[in-house]
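# Tertiary structure, described
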Amino acid sequence: GTIRPSIRLTLEKEERFFGPGVADLLELVEEKGSIQGACSEMGMSYSKCWKLLNRAEEQMGFTFLDRYNGGPHGGNSKITEEGREFMKRYEALLDEMQQTGQKIFEKYFEKYFS
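Residues numbered from 1 in each chain as written. Predicted model: local features only at pLDDT ≥ 70, side-chain atom pairs only at ≥ 80, totals over all residues. Heavy atoms only, no water.

### Thoughts on the packing of aromatic side chains
Under the convention used in this document: Only rings of Phe, Tyr and Trp enter the pairing, Trp through its six-membered ring, and a pair is recorded when the two centres are within 6.5 Å. The plane angle decides the type: under 30 degrees is stacked, over 60 is edge-to-face, the rest tilted. A run of H or I in DSSP becomes a helix once it reaches four residues, and a run of E becomes a strand once it reaches two; helices and strands are each numbered from the N terminus. In this scheme, a residue with accessible area under 20% of its type's maximum is buried, one over 50% is exposed, and one in between is partly exposed, where area comes from a 1.4 Å probe on protein chains only.
Inspection of every chain in the model, using the stated rule, returns 11 aromatic pairs. Judged by centre distance (6.4 Å) and plane angle (45°), the ring pair of F17 and F86 falls under tilted. Residue F17 is found in strand 2 (residues 16-18), and its partner F86 is found in helix 4 (residues 81-109); the two are separated by 69 residues along the sequence. By relative accessible area, which is 14% here, F86 ends up buried. When the centroid spacing of 5.8 Å and the interplanar angle of 25° are considered together, the rings of F18 and F64 count as stacked. Note that F18 is positioned in strand 2 and F64 in the loop between helix 3 (46-60) and strand 3 (65-71), a separation of 46 residues in sequence. For the residue pair F18 and F64, the accessibility class agrees, reading buried in each case.

### Observations concerning the pattern of salt bridges
Our working definition: Salt-bridge detection follows one rule: a side-chain nitrogen of Lys or Arg within 4 Å of a carboxyl oxygen of Asp or Glu.
Under the counting rule described, the total for this entry stands at eight salt bridges. Across the salt bridge formed by R67 and E57, the nearest N and O atoms sit 2.9 Å from each other. Placement of R67 in strand 3 and of E57 in helix 3 is noted, with a sequence separation of 10 residues between them. Residue E57 is classed as buried on the basis of its relative accessible area, which comes to 12%. A salt bridge links E81 to R84; its shortest N-O distance comes to 3.2 Å. Linking E81 with R84, this pair stays in helix 4, spanning three residues, or about one helical turn. Using a relative accessible area of 61% as the deciding quantity, one classes E81 as exposed. Connected through salt bridges with shared partners, the residues E30, E81 and R84 form a single ionic network.

This is the structure in structure tokens:
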């Protein structure tokens, strides 16, 4: 295989609060329509998922998820507009960092390419 850089982006304030885990969780909530579905897809406990989300919301001061409690089919959750905007910016930043990182990587590791 080819050697390449792997960039992991984590945002922090007083503590780390947003990274690949929270981003994946929010994307899965969007896909599955519930935090329960997203947690089981990730193989993560419901309480751990809430802990991650609560920390992100606490650090940013806005809600990432609108929560709707159970009806006949259980509760569902939806990403807020602010949450969606934050995710888009996170993804765009990560994208740009990966592109820039690739160029810098090639500068320093060119001799290892065959």
